[in-house]
Protein chains: 2
Amino acid sequence: MRADAKQNYEQLLLVAHEVVAEQGVEASLRDIARRANVGWATLLRHFPTREALLDDLLKERLHTLTLSASMLEASESPSQALVIWLRQAVAFVDVYSGIVTMMASSLSDTESALHSSCVELRKAGARLLERAQLAKVARNDLNGEDLFALIGALGWIGDQSHFAHRSNLLFSVVAGAIFIDGAVADHPALSDT
Amino acid sequence: MRADAKQNYEQLLLVAHEVVAEQGVEASLRDIARRANVGWATLLRHFPTREALLDDLLKERLHTLTLSASMLEASESPSQALVIWLRQAVAFVDVYSGIVTMMASSLSDTESALHSSCVELRKAGARLLERAQLAKVARNDLNGEDLFALIGALGWIGDQSHFAHRSNLLFSVVAGAIFIDGAVADHPALSDT
DNA sequence: ACCTGAACACCGTTCAAGT
DNA sequence: ACCTGAACACCGTTCAAGT
């Protein structure tokens, strides 16, 4: 990448993060280009679709999240590992409002620039879920898609300003439902404080 | 209302239902006016905001849902009544994709044309929840807002084509989490078939 | 009273020119 | 190679005319 191109790219990412964090994933791309002092068509060539921009915005943090899943796989308690990771995943999607809807549709859209990132996320969760199922602490009728769906559902709740202040409690309600009765009764990670 | 006005109004509602059921709540209003063979500005005067249109589209079915809540309040089992009503509520929001997000924001926006309808819905659920709590079968730390949030979360899952085929299972997972362990173990309404 | 088109400021898509 | 403005077809908002 040429030097001026690289500078444009990085300035765009910086501004895009600010604007999207403030206004959500449907923020005006034209507005982002204006605030970044970059030509409108330049943004479109760096990021041919909205999904491509979001993918680049999420890349680093997504990598951190999947790394965290790998670490947690080696931890002592399969149920606690899953709960801790779920909390991280919900915090991850909380950064940009509307991102869960975009990710959910990208999961089934092979052509989306976000697709492979979403598959990665699902796989990371699925591994932790399967470990908990083998340990007989998580419901056996759930799979990686369901985990993704529940993270999305909690992310949706966090997106609604009217519900956001209850999202900690609702996290513990929904996350707790993934486990078999009593299996996580002694896990402080599920208490709501 | 003048005769021609009334005819326009009803034609608009008819077409709007079709288009919104197909494309979701963000469907083009201009397109609806075109398909209804009605002047564009005419739609805007009948429905000054998108929320006003949706409110009229939902009114009948919402009334049915609140009536159902009243009936269920007189039924034998408080827990079963709540589960049955929750299923109806999720089916209600399933008709228009994106409606849960619009309703969630209307719940805190007193100016929205949908506001009072949303409050009605929350109240109907809250009454059934409180009855179940008094009977010691539902978690005591949840309130009407939480119930609305969980209905919205399940509605969001139903909106995503990739997750919709799991929504029955996920309903039983999330709805089951509202109750105290074992309180609904014998309720066929929570089985996933 | 009610209906209607048109002007306006936005959006994302596409493309032909610039350096 | 990369950047850029402009034309295009849409959107919702507003308003001045029509019958």
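Residues numbered from 1 in each chain as written. Chains lettered and ligands numbered in written order. Predicted model: local features only at pLDDT ≥ 70, side-chain atom pairs only at ≥ 80, totals over all residues. Heavy atoms only, no water.

Engineer: Outline unusual backbone geometry, listing residues and values.
Structural biologist: All names here are of chain A. Phi at Asn37 takes a positive value of approximately 55 degrees, unusual for a residue other than glycine. Looking at the secondary structure, you find Asn37 in the loop between α2 (29-35) and α3 (40-46). Asn37 sits in the exposed class, given a relative accessible area of 72%. Phi is positive for Lys136, close to 60 degrees, though the residue is something other than glycine. Relative to the helices and strands, Lys136 is located in the loop between α7 (115-134) and α8 (144-159). (Helix = DSSP H or I, 4+ residues; strand = E, 2+ residues; numbered from the N terminus. Buried < 20%, exposed > 50% of the residue type's maximum accessible area, 1.4 Å probe, protein only.)

Engineer: Tell me what's going on with the protein's contact with DNA strand D, and back it up with residues and numbers.
Structural biologist: Close to DNA strand D lie 21 residues; Asn8(A), Arg45(A), Arg30(B), Trp40(B) and Arg50(B) are nearest. When the atoms of DNA strand D within 4 Å of the protein are grouped by moiety, sugar and phosphate amount to 51% of the total. A distance of 2.5 Å is found between a phosphate oxygen of DNA strand D and a side-chain nitrogen or oxygen belonging to Arg45(A). Arg30(B) places a side-chain nitrogen or oxygen 2.4 Å from a base nitrogen of DNA strand D. (Near = heavy atom within 4 Å. Polar contact = N/O pair within 3.5 Å; in protein donor to acceptor, adjacent residues only side chain to side chain.)

Engineer: Can you lay out the packing of helix α1 (residues 3-23) of chain A against helix α4 (residues 50-73) of chain A for me, pointing to particular residues and giving the numbers?
Structural biologist: Helix packing for two helices is described by the angle between their axes and how far apart those axes are. Residues and elements named next belong to chain A. Running from N to C, α1 and α4 point in directions that differ by 90 degrees, and their axes come no closer than 10 Å. The orientation of α1 relative to α4 falls into the category roughly perpendicular. On the side of α1, the interface is formed by Tyr9, Leu13, Ala16, His17 and Val20, while α4 contributes Leu53, Leu54, Asp56 and Leu57. (Axes fitted to C-alpha atoms, helices over the stretch in contact; angles between N-to-C directions. Parallel < 35°, antiparallel > 145°, perpendicular 65-115°, else oblique. Contact = heavy atoms within 4.5 Å.)

Engineer: Help me get a handle on the pattern of salt bridges, residues and values and all.
Structural biologist: This structure, assessed with the given rule, holds 16 salt bridges over all chains. A salt bridge links Arg35(A) to Asp31(A), with the nearest nitrogen and oxygen atoms 3.3 Å apart. Within this pair, Arg35(A) and its partner Asp31(A) are both found in helix α2, separated by four residues, close to a single helical turn. The class of Arg35(A) is partly exposed, set by a relative accessible area of 42%. For Asp31(A), a relative accessible area of 18% translates into the label buried. A salt bridge links Arg122(B) to Glu145(B); its shortest N-O distance comes to 3.1 Å. Separated by 23 residues along the polypeptide, Arg122(B) in helix α7 (residues 115-134) and Glu145(B) in helix α8 (residues 144-159) bring together distant segments of the chain. Arg122(B) sits in the partly exposed class, given a relative accessible area of 21%. (Salt bridge = Lys/Arg side-chain N within 4 Å of Asp/Glu carboxyl O.)

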